[in-house]
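# Structure assessment
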Amino acid sequence: MVQEPPSNLVTALNTVYTLWLREMIRFRRSKSRIIGSLATPMFFLIILGSAFNSSFEMRGGGQTDISFLAPGIIGMSILFSSLTGGVSIIWDREFGFLKEILIAPVPRFFVALGKAMGGVTTAMIQGTLIMLIAVFGLGIEYRSLLGIAASVGVMLLIGLGFIGLGIALASMIESHEGFQMIMTFITMPVLLLSGAFFKIGDLPSWLKTLVYLDPLTYGIMALRYTLIGETEIPITICIAVITIFAMATIGMGGYLFQKTKA
Amino acid sequence: MNSTAIETFNLTRKFENLTAVDNISITVEQGELFGLLGPNGAGKTTLINMLSTMIPPTNGRAEVWGIDVVKQSSKVRQNIGVVFQGTTLDDRLTGLENLDLHGRLYGMSKNIRKQRIHEVMELVELGDKADVIVKTYSGGMMRRLEIARGLMHHPRVLFLDEPTLGLDPQTRNHIWDYIRRLNQEENVTIMLTTHYMEEADHLCDRIAIIDHGRIAALDTPENLKDALGGDVIILSAEDDEKASELCKLYKTNGSTGNVAVKNSSVYITIKDGTHQIPHILTIASRAGINIQSVDLHRPTLDDVFLANTGRAIREEESSDVDRITFKLQSRRR
């Protein structure tokens, strides 16, 4: 008797769960990676935050201090870890494991989705840890518990958006040399243009246009709104933009992953 | 019930200007241990990649267990196991975790996974290494784990692409034992590729010699060797020129054997070889060709390969080992 593959829905859920589980096992096992991924944002937050507190006086009387910076740093950490998570498909290809996934009798779209869910979970854990450290270690005051809960949802949307982008890029770029290119030419502009470190109201118009084109801007505004109750863009627009961005990149990532080569 | 495991119909795959697999039509019976023997670039891996649904054919079609590899690729995948040439394990996971994830992807329930992991790990004698991170495994252990994983979901057909490439001879012998055992005990049909003559000779029920994308010969190892028609005489001359000259002279002296020239040696395949040597030496001395040594042996698959393709498979081997060594080194992140 020939074995039939199980039904579509069961396979789909099972595939997502299996790939998610793999990311979780790997994450749990790499303690140094967890510490490393927290260190960079903490340096930013502590050093840059202290500098902001002492030396910045915004024109028009607005104040940027460490609590203004914290949501931006959380967004930065989500950006780094989700993009890296998506692009890690390049490493799976390099070390052969991608073949094991591609030969399995499961739909590839859900493989990509499982990979995305795994990467997003790790990104959210890191984001949440930074958020908590900011409260208990640095004494930043958030507006409410509800806001904190909502911010985790925002992290999910930001994470999905950039992991989808990472998967899409990794599916097209087949050499690991491409990895460094992506990190340099996407991560840095996206981060610096996002308003993670500054208010966007007083920027020159050419810069403002670029800031508005950066999807991370809306993510960080949403984080700032949920955590400290400040935003320069209406929260509904922020949520709409990051939701659409997440759906678009996950769709694109899943589509391109189906066509990728082992 | 049809007893065919794999059947290809004019299967062809082209890469830009290169025809990697050229009109291959073969049939593999259920339960068979079938070998594809050929040098690197002969098209073995491309053929396996098509049969395992990894790449589509350019022309022709193929069936695995009666299922079309293009039209019903997911059903084919459910029923095959593949051990690729390079490692495809997640080296940050333990052996057990690698197998468990595999079982999940093939829709196996928890209890069945647990039981089956135990069975296949015992089969390849890795039971005591199940909870060790794969990164610390030796090359041979990794290959065994991959074979165990390929078997885990009870595939009908197991594809092994160069299962012993880059392994030392002792480990290779071990892997051969496992392959033989699982062919018999698990009753799984196996198609393996190799460019090691001894491997094909020791393991396979039937061998297809593949060169430049075509099947040059296909039969049991014994029949292939017998078909050469007797013993192999190797006479080494001073250089290629002298060897060719001797080859020509030998042919024009009304001899019936199969003659080929390689590396300034003349290879003659003929019945009753011992009695032919004086005759050949006479021809040589009359023509003033200095023969440096004479060897006579029963034909091996090397000779079969040479007779069928006009070249030796050995010439390509060293570069291949270099490649693998490099790959293993660069693996270490």
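Along each chain, residue indices are assigned from 1 in the same order as the chain's sequence is written. In the order they appear in the text, chains get letters beginning with A and ligands get numbers beginning with 1. Side-chain atom pairs in this predicted model are given and counted only at pLDDT of 80 or more, local residue features only at pLDDT of at least 70, and totals for whole chains, interfaces and linings cover all residues.

### Things to note about the overall build of chain B
- Each helix corresponds to a stretch of at least 4 residues labelled H or I by DSSP, and each strand to a stretch of at least 2 residues labelled E; elements are numbered beginning at the N terminus. Helices and strands together make up the secondary structure of chain B, namely 12 helices and 15 strands.
- Summarising its shape, the C-alpha atoms of chain B cover approximately 80 × 40 × 40 Å along the three principal directions.
- Residues are called buried when their C-beta atom has 20 or more other C-beta atoms within 10 Å, exposed when it has 12 or fewer, and partly exposed otherwise; all C-beta atoms are positioned from the backbone. Sorting the 333 residues of chain B into buried and exposed places 46% on the buried side.
- This entry defines residue contacts through backbone-placed C-beta atoms, with two residues in contact when those atoms are within 7 Å. Relative to all contacts within chain B whose residues are 6 or more apart in sequence, the contacts with residues 24 or more apart total 70%.

### Examining the overall build of chain A
- Scanning chain A from terminus to terminus reveals 11 helices and 0 strands.
- As a reference, a globule follows 2.2 Å times the number of residues to the power 0.38, and the radius of gyration itself is taken over C-alpha atoms. For chain A, whose C-alpha radius of gyration is 19 Å, the value lies close to the compact-globule estimate of 18 Å for 262 residues.
- Summarising its shape, the C-alpha atoms of chain A cover approximately 75 × 40 × 35 Å along the three principal directions.
- For chain A, with 262 residues in total, the buried portion stands at 44%.

### Some details on the packing of helix α3 (residues 95-105) of chain B against helix α5 (residues 139-151) of chain B
Residues and elements named next belong to chain B.
- Axis lines are fitted to C-alpha atoms, over the contacting stretch for helices. Their N-to-C directions set the angle, which ranges from 0 to 180 degrees. The interhelical angle for the contact between α3 and α5, taken along N-to-C directions, is 25°, at an axis separation of 9 Å. As summarised for this structure, α3 and α5 are arranged roughly parallel, according to the angle between their axes. In this structure, α3 crosses over α5, and the sense of that crossing is right-handed. In this structure, α3 contributes Gly95, Asn98, Leu99 and His102 to the contact, and α5 contributes Leu145, Ala148 and Arg149.
- Here the residues of the contact of α3 with α5 are counted per class, giving 3 nonpolar, 3 polar and 1 charged. Any angle that falls under 35 degrees is termed roughly parallel, while one over 145 is termed roughly antiparallel, one within 65 to 115 roughly perpendicular, and all others oblique. What makes a crossing left-handed is the near helix being turned counterclockwise from the far one by less than a right angle; a clockwise turn instead makes it right-handed. Each residue gets one label: Ala, Val, Leu, Ile, Met, Phe, Trp, Tyr, Cys and Pro are nonpolar, Asp, Glu, Lys and Arg are charged, and the others, such as Gly, are polar.

### Side note on the pairing of strand β11 (residues 214-219) of chain B
- Whether two strands pair depends on DSSP finding at least two bridges between them. Bridge count for strand β10 (residues 206-211) of chain B against β11 of chain B is 5 bridges, and the pairing is antiparallel. Residue pairing for β11 of chain B: Asp211 of chain B is matched across the bridge by Arg214 of chain B.

### Description of the nonpolar core
- Counting residues in each nonpolar core, the largest one holds 153 residues, and the members touching the most others are Ile242 of chain A together with Val64, Ala148, Phe159 and Met191 of chain B.
- The leading source of residues in this core is helix α7 (residues 145-172) of chain A, at 13 residues.
- Here Ile242 of chain A is in contact with Leu157, Ile158, Gly161, Pro215, Tyr218, Gly219 and Ala222 of chain A, once residues within four sequence places are set aside. By definition, a nonpolar core groups buried Ala, Val, Leu, Ile, Met, Phe, Trp, Tyr and Cys residues that are joined through C-beta atoms within 7 Å.

### Points about the sheet that holds strand β8 (residues 157-161) of chain B
Residue and element names in this part refer to chain B.
- In space, the 6 strands of this open sheet follow the order β7-β8-β9-β4-β10-β11, with mixed pairing throughout. The outermost strands of the open sheet, each flanked by one partner alone, are β7 (80-83) and β11. Between one strand axis and the next, the sheet turns through 15° on average, direction left out of account.
- On the sheet, α5 packs against β7 and β8 and is oriented at approximately 165° with respect to β7.

### Brief notes about the interface of chain B and chain A
- With 26 residues of chain B at the interface, the matching set in chain A holds 24 residues.
- For the side of chain B that touches chain A, the secondary structure elements donating two or more residues are α2 (73-78) and α3 of chain B.
- Grouping the constituent residues of the side of chain B that touches chain A by class yields 10 nonpolar, 8 polar and 8 charged.

### Examining the sheet that holds strand β13 (residues 258-262) of chain B
All names here are of chain B.
- One open sheet accounts for 4 strands, arranged β13-β14-β12-β15; its pairing is antiparallel. Two strands lie at the open edges of the sheet, namely β13 and β15 (293-297), each paired on one side alone. Within this sheet the neighbouring strands show an average axis-to-axis angle of 15°, counted without direction.
- Summarising the sheet, β13 and strand β14 (residues 265-270) pair through 5 bridges and their orientation is antiparallel.

### With respect to the environment of Trp20 of chain A
All names here are of chain A.
- Tracing the sequence through the fold places Trp20 in helix α1 (residues 8-29).
- Taking the C-alpha atoms as reference points, Trp20 and Thr121, separated by 101 residues in sequence, lie 8.5 Å from one another.
- Setting aside its immediate chain neighbours within four residues, Trp20 contacts Gly114, Met117, Gly118 and Thr121.

### Re the confidence of the model for chain A
- Scored between 0 and 100, pLDDT is the confidence that the predictor attaches to each residue. Confidence in the prediction for chain A averages 88 pLDDT; 94% of positions are at 70 or higher.
- When mean pLDDT is taken per element in chain A, helix α11 (residues 235-258) of chain A scores highest with 96 and helix α2 (residues 31-55) of chain A scores lowest with 83.

### Digging into the environment of Asn59 of chain B
- Summarising the element assignment, Asn59 of chain B is placed in strand β5 (residues 59-64).
- For the pair Asn59 of chain B and Val124 of chain B, spaced 65 residues apart in the sequence, the C-alpha separation amounts to 38 Å.

### Some thoughts on the pairing of β15 of chain B
All names here are of chain B.
- Counting buried residues in β15 gives 0 out of 5 residues, a small share hidden from the surface.
- Pairing analysis gives 5 bridges linking strand β12 (residues 231-236) to β15, with the strands arranged antiparallel. Along β15, the bridge assignment pairs Ile233 with Leu296.

### Considerations on unusual backbone geometry
Residue and element names in this part refer to chain B.
- Positive phi values are uncommon outside glycine, yet Thr53 reaches one of about 70°.
- Tracing the sequence through the fold places Thr53 in the loop between α1 (44-51) and β5.
- A count of 24 C-beta atoms within 10 Å places Thr53 in the buried class.
- The phi dihedral of Asp272 is positive, around 55°, even though this residue is not glycine.
- With respect to the element layout, Asp272 can be found in the loop between β14 and α10 (273-286).
- Since 8 C-beta atoms lie within 10 Å of it, Asp272 is described here as exposed.

### A word on α11 of chain A
Residue and element names in this part refer to chain A.
- In a regular helix each residue adds 1.5 Å, so 24 residues correspond to 34 Å; α11 covers 35 Å between its end C-alpha atoms and thus fits that length.
- All buried positions along α11 are accounted for by Cys238, Ile239, Val241, Ile242, Phe245, Ala246, Thr249, Ile250, Gly253, Gly254 and Phe257.
- Those residues of α11 that are buried lie in contact with α3 (66-87), α6 (108-136), α7 and α10 (215-228). Here, expected helix span is obtained from the residue count minus one, scaled by 1.5 Å.

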